[in-house]
Amino acid sequence: MIKILFLAANPRNTPKLELQKEAKAIAAALRRAKYSDHFEFVTEYAVRVSQLLGLLLEHKPHVVHFSGHGTGEGEIFLEDEAGSPHAVAPEALGNTFALFREDVRLVVINACFSLPQAKAIAQHVPAVIGLTQEIKDPAAIAFAVAFYQALAYGQDVQRAFGLACNQLEHEYPGSQGVPKLVPGPTDLSRLWLATK
């Protein structure tokens, strides 16, 4: 069983994101796929920086999906105790995933300008997806749905990524170059999450 942990944060005073819509769309795509019984999908919303380690320890995910806001400096925003934005630097998040390298196989950061985060995490995790620039909610959701659907149909991570980018090319031309797959220390053609 592959556990996907969907972490979401939309702190106060940041533009509203359709995080629940994204989570529901991914869950529906997983349910409809051939190997749906290979996946467990868990959601955590309004994630505070003080909760991150506890959630990773509690759930022991194989896949971590973060959906939220990123900054031009390559940080992502979690929430502080008051629900305000708390910026997390790429190095700090990379160090977090170094401590969970035994379990985590894939990280998807569905946040604008998250490529620096992806590169930092990929030093410790087999594969990471980040975004090179800003992307609109509908395009980000379309990419995520197509990616997880492909995984749940038994595709390897590299092919699932290609199929998701192709879906963006159909639905949101010009957006297909925004997501980037950053390989870690694993041959991506051999990184399968569902067994055929």
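First, a word on scope: everything that follows refers to the structure included in this document. (Residues numbered from 1 in each chain as written. Predicted model: local features only at pLDDT ≥ 70, side-chain atom pairs only at ≥ 80, totals over all residues. Heavy atoms only, no water.)

## Considering the packing of helix α1 (residues 19–32) against helix α5 (residues 137–152)
Line of reasoning, step 1. The interhelical angle for the contact between α1 and α5, taken along N-to-C directions, is 25°, at an axis separation of 8 Å. Put simply, α1 runs roughly parallel to α5. The two elements α1 and α5 cross, and the hand of that crossing is right-handed. Along the contact surface, α1 presents K21, E22, A25, I26, A29 and L30, while α5 presents I141, A144, V145, Y148, Q149 and A152.
Line of reasoning, step 2. For the contact of α1 with α5, the per-class residue count stands at 9 nonpolar, 1 polar and 2 charged. (Axes fitted to C-alpha atoms, helices over the stretch in contact; angles between N-to-C directions. Helix = DSSP H or I, 4+ residues; strand = E, 2+ residues; numbered from the N terminus. Parallel < 35°, antiparallel > 145°, perpendicular 65-115°, else oblique. Left-handed = near helix turned anticlockwise from the far one by under 90°. Contact = heavy atoms within 4.5 Å. Nonpolar A, V, L, I, M, F, W, Y, C, P; charged D, E, K, R; others polar.)

## Here's the deal with the packing of aromatic side chains
Line of reasoning, step 1. One pass over the full model with this rule turns up 5 aromatic pairs.
Line of reasoning, step 2. For the ring pair F143 and F147, a centre distance of 6.1 Å and an interplane angle of 5° mean the geometry is stacked. Separated by 4 residues within a single helix, F143 and F147 lie in helix α5, roughly one turn from each other. A single burial state applies to F143 and to F147, both of which are buried.
Line of reasoning, step 3. Ring centres 5.3 Å apart and planes at 75° place the aromatic pair F147 and Y148 in the edge-to-face group.
Line of reasoning, step 4. Overall, Y148 belongs to the buried group, its relative accessible area being 1%.
Line of reasoning, step 5. An aromatic cluster is built from F143, F147, Y148 and F161, whose rings are joined through pairwise contacts. (Phe/Tyr/Trp six-rings, centres within 6.5 Å; stacked < 30°, edge-to-face > 60°. Buried < 20%, exposed > 50% of the residue type's maximum accessible area, 1.4 Å probe, protein only.)

## Here's the deal with empty space enclosed by the protein
Line of reasoning, step 1. Under the definition given, this model contains 1 cavity of 30 Å³ or more.
Line of reasoning, step 2. As a volume, the largest cavity reaches approximately 80 Å³.
Line of reasoning, step 3. Lining the largest cavity are L7, L52, L56, V64, F66, I76, L78, L93, T96, F97, V107 and I109.
Line of reasoning, step 4. Here the lining of the largest cavity takes 3 residues from helix α3 (residues 90–98), the largest share from any one element. (1 Å grid on protein atoms, 1.4 Å probe; cavity = no way out; pocket = protein on both sides within 12 Å on 5 of 7 lines; lining within 4 Å. Points joined across faces, edges and corners; volume = space filled by probe spheres on them.)

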